[in-house]
Amino acid sequence: MNISAFSEEDFVPKKWINNIFSTSDPSKPSEISAESLVTKLQLYIQEVNSVIEDDCQKMVSNMPKVINETEILNQKVLALKDELGSIKNEMENVEKNTDKSVSTLEKLDRVKNTLENVKQALHEADNWSILASDIEESFDRGNLEEITSKLYSMQQSLNVLSNADDYENKKMQLEGLKNRLEASASPHVVKAFTTANLDEAVKFVNIFNKIERLPHLTKYYIKCQKGSLCQFWKSLIDSDQDLNLVEQLRSLYDMLLVNWQKQMKWCSEVFVNVNLIDMMIELYSDVLMNLDPSLSSCMDIALKQHPQPLLLLLEFYQISSQFQQNLESLYIFNNESECRPDWNPILKSLYFPYVQYASKYGTLERQLLDNYLWEMFSKSENVSDLADNIRSISLTIPDVINIAKEAKARCVLFTKGCAIDGLISALKGFFLKYIDKYKDICGRLEQKIDEKENWQLLKSCLSFQQVVGELLNDVKKLDSQLISSLKSHRNDISIKKFLPLILNLSAQKEYEKLFNSVSNGSIVSLLENVISVIERLSYEVHKITYKVSFQPIAFYLESTKTLWDKLNAENDRELPDYSYSPMEYITQIGEHLITLPQYLEPFLSQENLPLNSVLPILSKETENSNISEKGTYASILLTLVANGTCNTYSDHILNIIELGSSTAKQLAADINYLGNVLEELGIGLTENLQNILSLLRFSAEEYHSRSVGVSPKLVAAIRQMRKIPST
């Protein structure tokens with residue numbers, strides 16, 4: 001039986017007992033197993049008690065011995081304490097007695113050191129004098145290694161003589177000798193670097209390193225490499241007359257990449273303790289800034305000869321950008337270090353030729369956009385039919401928006417969106433010139449308006465209104481995309497480093513000003529001017545559409561000016577109300593109104609967003625909040641025409657001088673007919689015309705009593721017209 005579980009901290013008797021019974025022989029009765037378990041536990045208890053009793057007995061017998069040993073140890077500790085005290089006293093006495101002796105020894109040691117320093121200084125001064133006199137002979141012999149060795153020794157001597165009175169004179173003398181050595185070595189250095197002579201180059205690295213002028217040697221290397229690389233470019237321009245600048249630029253960058261790899265390998269064997277990457281960056285930035293002829297002048301000539309200079313400029317830029325990526329990838333591929341060098345000097349030189357064009361980006365982009373616009377409209381110049389003209393210009397909207405999006409993509413490609421101010425300027429000019437074609441169509445529509453019904457013209461007006469709405473919606477979407485693009489690119493960390501590389505200081509300030517204005521909400525639209533022009537155009541098209549719809553009605557109503565006087569003269573006899581039927585002018589108006597929905601039906605869809613986009617404009621221009629944006633333009637137009645009919649009809653009625661009883665009933669029948677027509681259209685008469693109808697139907701006897709609540713001015717006008725006496 002295992003009793004080790006009794007010593008565990010989480011021992012549970014019940015769990016232990018259950019575990020014992022679960023492993024016991026199931027054939028035995030549980031009472032027998034329990035008795036056996038109790039017996040075993042009693043035996044274990046007796047055994048444990050016996051062990052504890054033996055251990056206690058041993059401890060009691062050993063206690064006197066432990067106490068005795070403890071007393072002995074305590075006595076030894078006290079003796080040790082006394083001994084340490086006496087040693088401390090002896091040390092204090094020794095320190096007091098030897099204080100003056102130690103001080104004297106320290107002074108003697110300082111004197112000794114001073115004498116040794118003086119001796120060394122005298123030796124070095126003597127050595128300096130010997131070297132200074134011997135080195136002239138070395139210069140005469142032209143032995144560079146010998147001169148270097150003596151200069152190195154003189155440098156060591158000068159370090160010791162730093163406190164000498166003539167230290168500065170000696171330092172100037174040494175620098176002069178170093179200059180003479182450098183001047184003597186420079187032709188050989190240039191030759192070694194020009195011919196890539198490894199052994200000679202290593203020799204001169206050792207020489208310049210000893211005289212502490214290794215940075216001067218790297219300058220020689222950079223100058224030699226610069227001359228070689230610039231000469232390659234000059235020969236490329238002079239000899240390859242058949243190559244265009246694009247191919248020449250690629251050749252230059254390909255050569256620079258190959259040269260980078262070659263020189264990095266060669267320099268790693270030559271230069272010691274020199275940051276090769278920084279040296280190569282300095283070299284390449286110097287080369288790119290000092291090419292003859294300069295890249296800027298070559299680009300100017302090429303761009304002036306090209307029909308689409310911006311596209312050629314972008315091709316140049318992409319080649320330069322690819323060179324940057326290849327150069328950085330080449331570095332990363334050949335280096336495992338996470339410490340990246342500062343590429344800014346070479347980037348500044350690489351993109352320097354593009355700074356002037358970034359500031360002119362708006363002009364270049366506008367020129368390209370105008371070319372695209374001219375090509376687009378040159379294909380549709382022969383379209384003379386107005387409906388075909390509208391259909392043709394509607395097909396240009398996707399192309400125009402795509403052209404604008406491509407312009408945005410070019411801006412991002414060329415300047416990472418930094419030149420967005422120029423892009424906005426170019427897009428404004430582009431869209432306004434494009435909208436001029438819409439204004440031409442608008443003028444042609446207006447010229448075709450006459451007094452007759454022209455359903456084809458109405459259809460053209462509605463179609464054109466839809467086209468204008470489509471353009472408006474697409475320009476608004478483009479405007480939102482431009483704002484999102486500005487924010488997203490500005491938040492890119494890389495653009496903050498790229499900004500000073502591609503924009504001059506003035507352009508940077510303009511960019512920051514625009515971004516801040518958009519960020520703080522003072523500018524909510526970048527194409528606000530264009531959108532406003534399209535909205536005004538949309539409203540002008542609406543006015544033409546309304547005029548086309550309403551002009552026949554106005555003509556029919558105009559024909560009633562002399563009608564009522566004639567009826568007053570002809571009809572003196574009063575007939576029952578049912579005897580009066582609508583006259584021809586009002587039935588013509590009714591037919592026109594009933595026919596109008598047939599031509600509006602194709603435009604009644606709630607999903608016709610381009611056409612319905614005119615509704616907010618109508619609300620703003622007419623200051624009529626009742627024009628619901630939830631309706632459709634076609635239904636609103638029908639309502640406006642119906643209300644216009646009622647208002648114009650009311651004006652004509654109020655201009656009637658006299659109405660006889662029979663004529664008044666005829667006019668009431670006409671108004672009632674118009675009301676029935678409008679009811680069929682789901683509109684109804686205006687309140688003013690409805691009141692006129694009621695006032696015309698009232699008999700003279702009940703006129704005053706039943707006209708209560710109607711506008712007094714209107715009541716008086718109809719009363720005078722009907723010759724009803726005033727109360």
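Bear in mind that the values here come from a model prediction, so they are computed numbers and not experimental data.

Q: Explanation requested: unusual backbone geometry in the structure shown.
A: For residues that are not glycine, phi is negative in most cases, and the peptide bond is trans in most cases. Cis rather than trans, the peptide bond between D292 and P293 has omega equal to 0°. Relative to the elements of secondary structure, P293 occurs in the loop between α8 (276-289) and α9 (295-305). We note that K416 has phi near 55°; this positive angle belongs to a residue other than glycine. Looking at the element boundaries, K416 is found in the loop between α13 (386-415) and α14 (420-447). Although it is not a glycine, K723 adopts a positive phi angle of roughly 60°. Mapped onto the fold, K723 is located in the segment after α27 (712-721). Take K723: its relative accessible area is 54%, and that puts it in the exposed class.

Q: Mind showing me how you'd approach the packing of aromatic side chains here?
A: To describe a pair of aromatic rings, you give the distance between the ring centres and the angle between the ring planes. A complete count under the given rule lists 25 aromatic pairs for this structure. Ring geometry for W260 and Y284: centres 5.3 Å apart, planes at 85°, overall edge-to-face. Taken together, the residues W260 in helix α7 (residues 245-270) and Y284 in helix α8 connect sequence positions 24 residues apart. By relative accessible area, W260 is classed as buried at 3%. Assessed through its relative accessible area of 1%, Y284 is described here as buried. Geometrically, the ring pair formed by Y351 and Y354 is tilted, given 6.4 Å between the ring centres and 55° between the ring planes. Here Y354 and Y351 lie together in helix α11 (residues 344-359), a separation of three residues that amounts to about one turn. By relative accessible area, Y354 is classed as buried at 0%.

Q: Hey, could you run me through the pattern of salt bridges in this one?
A: Here the idea is simple: oppositely charged side chains can pair when their charged atoms come close. Here the structure, examined in full by the defined rule, presents twelve salt bridges. The residue K234 makes a salt bridge to D238 at a minimum N-O spacing of 4.0 Å. Highlighted residues: K234 and D238, both in helix α6 (residues 214-239), separated by four residues, approximately one helical turn. Taking the relative accessible area as the measure of exposure, D238 reaches 43% and is therefore partly exposed. Close ionic contact of K620 with E535 constitutes a salt bridge, the shortest N to O distance being 3.2 Å. Placement of the pair is K620 in helix α22 (residues 614-622) and E535 in helix α18 (residues 528-558), with a sequence separation of 85 residues. Take E535: its relative accessible area is 14%, and that puts it in the buried class. Where salt bridges share partners, they join K476, E535 and K620 into one cluster.

Cut-off values and rules
- Residues numbered from 1 in each chain as written.
- Predicted model: local features only at pLDDT ≥ 70, side-chain atom pairs only at ≥ 80, totals over all residues.
- Heavy atoms only, no water.
- Helix = DSSP H or I, 4+ residues; strand = E, 2+ residues; numbered from the N terminus.
- Buried < 20%, exposed > 50% of the residue type's maximum accessible area, 1.4 Å probe, protein only.
- Phe/Tyr/Trp six-rings, centres within 6.5 Å; stacked < 30°, edge-to-face > 60°.
- Salt bridge = Lys/Arg side-chain N within 4 Å of Asp/Glu carboxyl O.

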